[in-house]
Structures are given as C-alpha cells and as structure tokens.
Amino acid sequence: MFGLMALILAVLTIAAYVLGRRRATAAAGGDLSVLHSRPVYHGAYAALLTFLAAFAAAAVAALVLRWFVDGSLNSLISELAPSLSSIERDLVRSDAAAISGGGFPSRVDELRQTVAARHGTLAGLSAVLIPGLALAAGLATLWTALKRVNVDFRARNLSERIVMGVLIAAAVVAILTTVGILTSLIGETARFFSQIPVHKFLFGSTWSPLSGVFEGRLDQERVGALPLFAGTLLITFIAMLVALPIGLFAAIYLAEYASPRMRSTVKPILEILAGVPTVVYGFFAAITVAPVIRGIGEALGLSVASESALGAGLVMGVMIIPFISSLSDDVITAVPQALRDGSLGLGSTHAETIKKVVLPAALPGLVSAALLGFARAIGETMIVVMAAGQGANFTFNPLEAVTTVTVQIVMLITGDTEASTAAGPAFALGFTLFVVTLGFNIVAQRLVRKYREAYD
Amino acid sequence: MTLTMENSVGAPAAQAAPRNDLKFACRGVNVHYGDAHAIKDLAIDIEDRLVTAFIGPSGCGKSTFLRCLNRMNDTIAICRVTGDLKLDGEDIYAPRVDPVQLRARVGMVFQKPNPFPKSIYDNVAYGPRIHGLTSNREELDELVEASLTKAGLWNEVKDRLDKPGTGLSGGQQQRLCIARAIATKPEVLLMDEPCSALDPIATDRIEQLIGELRSQFCIVIVTHSMQQAARVSQKTAFFHLGHLVEYGDTTDIFNKPRDKRTEDYINGRFG
C-alpha cells in the first residue's frame, strides 16, 4: 500500500517534470530565449503541482475512507451484538482488523470473524481506491499544467510561489503543534482546578496526590506542589551554578584565546558531551557522583542522603555545559573583528576588549544560551529520577533527597493509576511549568532588548 | 569621485612642508605572512606634525606597514615583523615595549567605521576610561566634548550623546571613530583608508578634519585615492609589490616622479 503510493507519486512527479520540460522546449521552437521561464521551471512547476495534487487526493481519500469503514463496521457490530459498550466495540473492531490483516487478535470468535470479513472487503476497496484517486487527481493536474505551458507562461514565479507555500505550511505545522499542546494542557488543567482550589495546589506543602484515589477523588490537602517547585528550583539553581560560569568561560577561551588547532580539537569533544543520553548521566550521578558526595559529606560530619539534590544538580550542570558553551562560542565568534581591532587600536588589552566590547555586543546571544540551558535544566527528568530521589520533601537543603515537577509528571503518567485520575495533577504541573518557563523567557527577552548593543 | 585628476594633482593643496622632528625612523623592515613576503627591506622616516600618505596598488603592503607602526599586526598569528622600527628613537618591537601602551600613543582609524555598539559618549570615553586619563566625571565630560569638537562632530551630536554610535551616518561614524582615537591623547594617528566607505561629501569633511588635526598629531594615511593623497598630505610614499618605491614631498611625487613605476601609477596606467 505505502510502497505503491510512493511509486505512483514518484512516477507522476518525474513524468510531470520531464513532460513539462519537453513541452516548454517544444513551445520555444528552437529558440529558448523566447521563453519567459527556462524549461526546467516549467518542469518543476508541473512536477510540484502534480505531486501536491496527488498527495492531497490520497490524504483526503484515506481520511474519508477511514471514517466510512469505521462507521460501517460499527453499525455491523451493533447489529450483531447490540449489547456491547463502545469500548468493547472498539476492541472488537481492532481485533477484526488484526484477523483480516494477519496480526494477533486478543481473541477470535464468530462475531470477530464476521466483522473481519467485512473489514477485509472494505480494506481491499480502500487499497484500490486511494492510489486510484491519487493517480486520477495527479493525471488531471498534470494535464492542466501541461496545457498551460507556452512561451509567456510564468512558470518560474509560480513554482517559486508553490515552494513558498510549502515553507509556510511547514511553519504553520510547528505553530499548530504548539497551540495543540497548549489547548490540551489548558483543558485538563481547568478540570483539575475545578476540583482543587488554586492556592491549595500552589502553596500546599504536602504532595501525595494519589493517596485519596480509592475514594475516586483527590484529597485537597495532599496536592500541594510546593515541595516540587522547591525541588525543581533547587536542582535547577545548582545546575546553572555549575553550567553558566563553566560554559561561558569555556566559550570565551575557545572563541578568543584558543589556537585554531586547539579549538578544532576541544569543540568537538565538548559537543560529544551534548550527545551523551541523559540516562547515562543519570546513572553516572547515582552510581558514581552520589557516593563521592556522601563520602565527602560524612568526612565533614554532615548527614547526606544517598540520593541528593546536590549530586543530581552537579551532573545536570555538566550535562548543560556544552549547550551553553557551544552557543556562546558561536555568538562570541560572530562579533565582528572590526570591533576588536577598534578596541585594541585604542590601547586596551585583550581581556579589556573581551569584557568591554565583545561580551556586551554578544549579550543577546549569551542570554539565549543561558535560557536554553535553563530550559534544559527545568525540563530534565532522567537525572533527577535516578539521582535525586522521588520523595517530595519540602526542603532547600541540597544534601537531602528532593523531587521535581517533571519527575512527578512521569510518576503520575507511567504509574498504574488510571490515566483519568492521574492526568489532573500531571497536567496541572505541566501547565505550571509551561507558564513559569514562558514568563521567564519573556522577562529575559525584555531585559536583553533593554541592554542590547546592536553591532550591525 | 567628484574631482578630476587635473585640478587636484595640478594644484595640490599641500605645499612643501618645513622640516619637522622625526617621529618614526624605520630601517630594514621585513614582514612575512606565513610564506608570503609582504614588506621587503623597507626604510622610511616619518615626520611629526604633518600628513604622510601611503599610496600604491592593492596588495602592495601599505596597510601592512601601517599596521606595523602600532603593532596591530601582533594580533595576526602568522604575521612576522623584523627590522628596526623606532618611535621617538625607541625601538617599538623591543621586548620590554608593551604593545598595548604603544597603541595608546599611536591611535588608529580603520577603513570601515567601527564604532562600538555603545552610546556616543561611551564610545569617546572608552579610551580615557581604560587609561585612567581623567579623575572625575567633569573632566571626562570635558575630554569627550573636546574630542568630539576636534573631530567636528560636537554640534551634530551634543543633544544625543546617550544614543548609540551605530545610529549615526557613515561619515559621522567615522568622525566618531576619529574622536574616539584622539580622546586617548595619542601622538600619532594612523588612518587606514578612512574614507573608502564614505560618500564624497563625508569624504570632504574628513579631509578637512585631517587638515585641522595635523598641527597637533603626526598623521599617516593609507589611501587608494591619489587625489586624496594630493589634497591632504605633505609627504607621499609610493609602495609597489612590498617595496617602498619612492618617498618625498607630495608635490614632487605628483609633479616630477623620479621612478617610472610611480609615474605610471599616478597617471593611472596601472593599479
């Protein structure tokens, strides 16, 4: 099915390109300069249009057929077994699909066999209809496109416009996804807050949201997320304390002082650090760093939990270093040499030049780098799960076990509590995280705009 | 260019200058960029309180030599300078000379205006602040005003000293860079094609300014425009393929060049 579609699309597109080109060449009658657009553009125009039409036809046909098949199977099931609930009906349908498609159904019975037979017929129909419709739409478009080819036809401008449309569509997809995430967050969060007062959630200091689920409802007194916010803040703070200075200083060294050979060695190594999966950092933190911290702490006479915010924060900081250093290095290198020359020419030292000219000029980019690191720190889950524990202690002591917002979201969603119960607190946490990060971003952008030194 | 060869070269503004104190005395200067030999055994004396122009076709080494005079070439890793370069009788490449301090004495103005992305005031105050030239805000204010006045920019910017220097026009930016350079109170001003990015009116303004500044500084200017050399300088040096071909009073260079290559160049036969 997929292979056939790909083949049809490829053949149509290539044919459209070749035919469009040939037709344009023929229309020129030996003197290509009379054409408004060169033959390649006519080919590209026909190919783009044909591809898009065939693709759109296939997509629309698939959606409509899917809707039709589901409807038809549902009515068949309710005819044969009127007592089934809608969830059971969906199960029967997916089993039937598995039977007819050669998969693994959860069970096989007479009802399922009958439905599977109907499913088989309909699936066979769509397997012919979808490629057929795509082919028909493609051919029709190809024919109209070819008819339009003449010496004055502006295929060059039009094909560029089609490409622009594709680019816009890509941008719209990104925006729509964000909007979609936001909408789903808002819906669930609103439902959660209709049961739980906002202040109990934001300022309550006991986090044990699932302790009341046996009564089927959340206990207001046990969904206080303050310990999670405290834990998140603490770990993020420790991580940034490590990552910001080290990342920035490393970037300054790489961009300003390192010889080209040194730079070409060190930079890739730093970037390898960014490629290490966070799970690996997580067990590094839990197995290697935590005992060391504990040993040092005990030697100093402190009581250190075996899972501590300090260990998780330190390792998270190391994880974030390459993000900050790599981006900072790029923005520092992008500061024009003319500015450095100007400063050196006035008799300032290299360090003065960096401090007073280069870094201020690079400030907006440096803040972006820091923000990126901050976002990584707030969103990081794996290291915290492994190295900081899961106990929702309300503390700012870095030597104790803490938990973060993201870890609790994971716990809620992956636990064996029913999704509908766990979703409320999880979405509320996610929403809070989103709002905080967004607010932080906006404030930072404002600050940058105020203090920026544009060098264009 | 609005001016033609005849009216500028035929009647150069500059007259033969009286002999001044020597500022730079250079002997046997060689510059290498990696394997490329950019300056070949160059010797030149540059006088104080007049304008010396370096002319020559692209790649002849004039900018390279200019950048030797304040050791800006030190910032280029592959560049190697040998020979004897003396400023006021003192070897500027001696190990005990700090290039940073040298550059405070020998200011530089670059080809493309490069104001810092800071306010106009902070641009001019940059050098004085670094070198601690003033002890309080009033003195700094005075120095900034005096420098901008000398650069002929004060009246245009006095109401917007806190606005970014990058918001000025190209010609104003270049005068800001000159103000910035003279605020450091240098003895020498090096100018590397200071007008090549400017329109004729802004160029004219800078050339007037050079004329006004030469009573206080030793000025060395690299230029691609022979008319400009003729208009602003009293001494001219013609560079070709890393050699200093001819050096003398500007009037002599333009009216009776001794070397065939100089004559060909100033008559526009090559370059």
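Relevant structure appears above.
Residues numbered from 1 in each chain as written. Chains lettered and ligands numbered in written order. Predicted model: local features only at pLDDT ≥ 70, side-chain atom pairs only at ≥ 80, totals over all residues. Heavy atoms only, no water.

Explanation requested: the overall build of chain B in the structure shown.
Looking only at helices and strands, one finds 11 helices and 10 strands in chain B. Here chain B holds 271 residues, and 58% of them are scored as buried. If you sum the accessible surface of chain B, you get close to 11,300 Å²; carbon and sulfur atoms cover 48% of it. Of note, chain B has its 33 positive side-chain charges centred 2 Å away from the centre of its 35 negative side-chain charges. (Helix = DSSP H or I, 4+ residues; strand = E, 2+ residues; numbered from the N terminus. Buried < 20%, exposed > 50% of the residue type's maximum accessible area, 1.4 Å probe, protein only. Areas by Shrake-Rupley, 256 points an atom, 1.4 Å probe, with all protein chains shown as cover. Lys, Arg positive; Asp, Glu negative; His and termini not counted. Charge placed at Lys NZ, Arg CZ, Asp CG, Glu CD.)

Explain a negative patch on the surface to me, please; I cannot follow it from the model alone.
Residue and element names in this part refer to chain B. On the surface, Glu 138, Glu 139, Glu 142 and Glu 145 cluster together to form a negatively charged patch. Mapped onto the fold, Glu 145 is located in helix 5 (residues 137-150). Judged by its relative accessible area of 36%, Glu 145 is partly exposed. (Patch = residues over 30% accessible without salt bridge, like charges linked within 9 Å, V, L, I, M, F, W, Y side chains within 5 Å. Salt bridge = Lys/Arg side-chain N within 4 Å of Asp/Glu carboxyl O.)

Mind showing me how you'd approach the nonpolar core here?
Inside soluble globular proteins, nonpolar side chains tend to come together where they are buried. In this structure, Phe201(A), Trp207(A), Ile235(A), Met316(A), Ile320(A), Ile383(A) and Leu429(A) are the most contacted members of the largest nonpolar core, which totals 49 residues. Listed by contribution, the elements that provide at least two residues to this core are helix 7 (226-257), helix 9 (278-299), helix 10 (309-334), helix 12 (350-379), helix 13 (382-387), helix 14 (405-414) and helix 15 (419-451) of chain A. Element by element, the count of residues in this core is highest for helix 7 of chain A, at nine residues. Ala151(B), Cys195(B), Leu213(B) and Val232(B) belong to the second-largest nonpolar core, a separate cluster that totals 45 residues. (Core = buried A, V, L, I, M, F, W, Y, C linked by side-chain atoms within 4.5 Å.)

Please clarify how the sheet that holds strand 2 (residues 36-47) of chain B should be interpreted in this entry.
Pairing between the strands of a sheet is mediated by backbone hydrogen bonds and can be parallel or antiparallel. Residues and elements named next belong to chain B. Judged by pairing direction, the sheet is antiparallel, and its four strands sit side by side in the order 2-1-4-5 without closing on themselves. Every other strand in the sheet has two partners, leaving strand 2 and strand 5 (90-91) as the edge strands with one partner each. Relative to strand 5, strand 4 (residues 79-87) runs antiparallel, the two sharing two bridges. Paired with Lys 86 across the bridge in strand 5 is Asp 91. (Pairing = 2+ DSSP bridges.)

What is the right way to look at the sheet that holds strand 3 (residues 51-55) of chain B in this model?
Residues and elements named next belong to chain B. Pairing is mixed across the open sheet formed by six strands, whose spatial order is 6-7-8-3-9-10. Unpaired on one side and paired on the other, strand 6 (106-109) and strand 10 (243-249) mark the two borders of the sheet. Shown here is a sheet whose adjacent strand axes are inclined to one another by a mean of 15°, direction ignored. Bridge analysis of strand 3 against strand 9 (residues 235-240) gives four bridges, and the strand direction is parallel. Residue pairing across strands places Phe 54 opposite Ala 237, the latter belonging to strand 9. Helix 7 (residues 170-183) contacts strand 6 and strand 7 (188-192) of the sheet and is inclined by roughly 170° relative to strand 6. Contacting strand 3, strand 7 and strand 8 (218-222), helix 8 (residues 200-213) runs over the sheet at an angle of about 150° to strand 8. (Axes fitted to C-alpha atoms, helices over the stretch in contact; angles between N-to-C directions. Contact = heavy atoms within 4.5 Å.)

Can you walk me through the interface of chain B and chain A in this structure?
One widely used convention gives an interface's size as the accessible area the parts lose upon coming together. Listed per partner, the contact involves 22 residues of chain B and 20 residues of chain A. A combined buried area of about 1,700 Å² lies between chain B and chain A, and 62% of that area is made up of carbon and sulfur atoms. It is Pro117(B), Tyr126(B) and Ile130(B) in chain B that bury the most area against chain A; as a group they hold 32% of the surface buried on that side. Put simply, chain B and chain A have zero salt bridges between them. Across the contact surface, chain B and chain A share five residue pairs in polar contact (both at pLDDT 80 or more). Contributing elements (two or more residues each) for the side of chain B that touches chain A: helix 3 (99-105), strand 6, helix 4 (120-131) and helix 7 of chain B. When the residues that make up the side of chain B that touches chain A are grouped by side-chain class, the tally is 12 nonpolar, six polar and four charged. (Buried area = accessible area lost by both parts, 1.4 Å probe. Polar contact = N/O pair within 3.5 Å; in protein donor to acceptor, adjacent residues only side chain to side chain. Nonpolar A, V, L, I, M, F, W, Y, C, P; charged D, E, K, R; others polar.)

What exactly am I supposed to notice about the pairing of strand 6 of chain B here?
Side-chain positions along a regular strand alternate between the two faces of the sheet. Residue and element names in this part refer to chain B. The alternating pattern of strand 6 places Val 106 and Met 108 on one face and Gly 107 and Val 109 on the opposite face, and all of these are buried. With four bridges joining them, strand 6 and strand 7 adopt parallel strand pairing. Across the sheet, the residue bridging to Val 106 is Val 188, located in strand 7.

Looking at this structure, how should I read a nonpolar patch on the surface?
All names here are of chain A. On the surface, Val 279, Val 280, Phe 283, Ile 287 and Met 382 cluster together into a nonpolar patch covering about 410 Å² of accessible area. Looking at the nonpolar patch element by element, the count peaks at four residues for helix 9. With respect to the element layout, Val 279 can be found in helix 9. Val 279 sits in the partly exposed class, given a relative accessible area of 36%.

I would appreciate a short explanation of the side chain of Arg103(B) in the present structure.
By secondary structure assignment, the location of Arg103(B) is in helix 3. Buried within the structure, Arg103(B) lacks any salt-bridge partner; its nearest side chain of opposite charge belongs to Asp74(B), at an N-O separation of 4.4 Å. The contacts of Arg103(B), once residues within four sequence positions are left out, are Leu344(A), Gly345(A), Leu346(A), Gly347(A), Asn70(B), Arg71(B), Met72(B), Asp74(B) and Thr75(B).

Where do I start with helix 5 of chain B in this structure?
Given 3.6 residues per turn, any residue in an α-helix points the same way as the ones three and four places further on. Residue and element names in this part refer to chain B. Across its 14 residues, helix 5 extends 20 Å between first and last C-alpha, which sits within 8% of the 20 Å expected from 1.5 Å per residue. Along helix 5, the residues classified as buried are Leu 140, Leu 143, Val 144, Ser 147 and Leu 148. End-on, the buried residues of helix 5 take up no more than an arc of 125°, which puts them together on one face. Those residues of helix 5 that are exposed and angled more than 90 degrees off the buried face are Glu 138 and Glu 142. Of the surrounding elements, those touching the buried residues of helix 5 are helix 4, helix 6 (154-157) and helix 7. For helix 5, the N-terminal capping position is held by Asn 136, with its side-chain oxygen 3.2 Å away from the main-chain nitrogen of Glu 138. Once helix 5 ends, the next one or two residues include Gly 152, with phi positive near 70°. (Expected span 1.5 Å × (residues − 1). Arc of directions from axis to C-beta.)

Which parts of the structure should I look at to understand the environment of Leu433(A)?
All names here are of chain A. Note on placement: Leu 433 falls in helix 15. When its relative accessible area of 17% is taken as the criterion, Leu 433 is described as buried. For the pair Leu 433 and Ile 252, spaced 181 residues apart in the sequence, the C-alpha separation amounts to 32 Å. Residues in contact with Leu 433, not counting those within four places in the same chain, are Ile 378, Val 405 and Thr 406.

Would you take a moment to explain the pattern of salt bridges for this structure?
As a working rule, side chains carrying opposite charge can pair if their charged atoms are close by. Inspection of every chain in the model, using the stated rule, returns 34 salt bridges over all chains. For Arg93(A), the salt bridge identified is with Asp70(A), shortest N-O distance 3.8 Å. On the criterion of sequence distance, the pair formed by Arg93(A) in helix 3 (residues 86-101) and Asp70(A) in helix 2 (residues 39-80) is long-range, its members being 23 residues apart. We classify Arg93(A) as buried; its relative accessible area is 18%. With a closest N to O distance of 2.9 Å, Arg175(B) and Glu156(B) form a salt bridge. In this pair, Arg175(B) is assigned in helix 7 and Glu156(B) in helix 6, connecting sequence segments 19 residues apart.

Where do I start with the packing of helix 2 of chain A against helix 3 of chain A in this structure?
Working note: a packed helix pair is described by the angle between its axes plus the distance between those axes. All names here are of chain A. Contact geometry for helix 2 and helix 3: axes closest at 10 Å, N-to-C directions at 115°. Classified by the angle their axes make, helix 2 and helix 3 are roughly perpendicular. Handedness of the helix 2/helix 3 crossing: right-handed. Judged by residue contacts, Asp 70, Leu 73, Asn 74 and Ile 77 of helix 2 engage Arg 89, Val 92 and Arg 93 from helix 3. Grouping the constituent residues of the contact of helix 2 with helix 3 by class yields three nonpolar, one polar and three charged. (Parallel < 35°, antiparallel > 145°, perpendicular 65-115°, else oblique. Left-handed = near helix turned anticlockwise from the far one by under 90°.)

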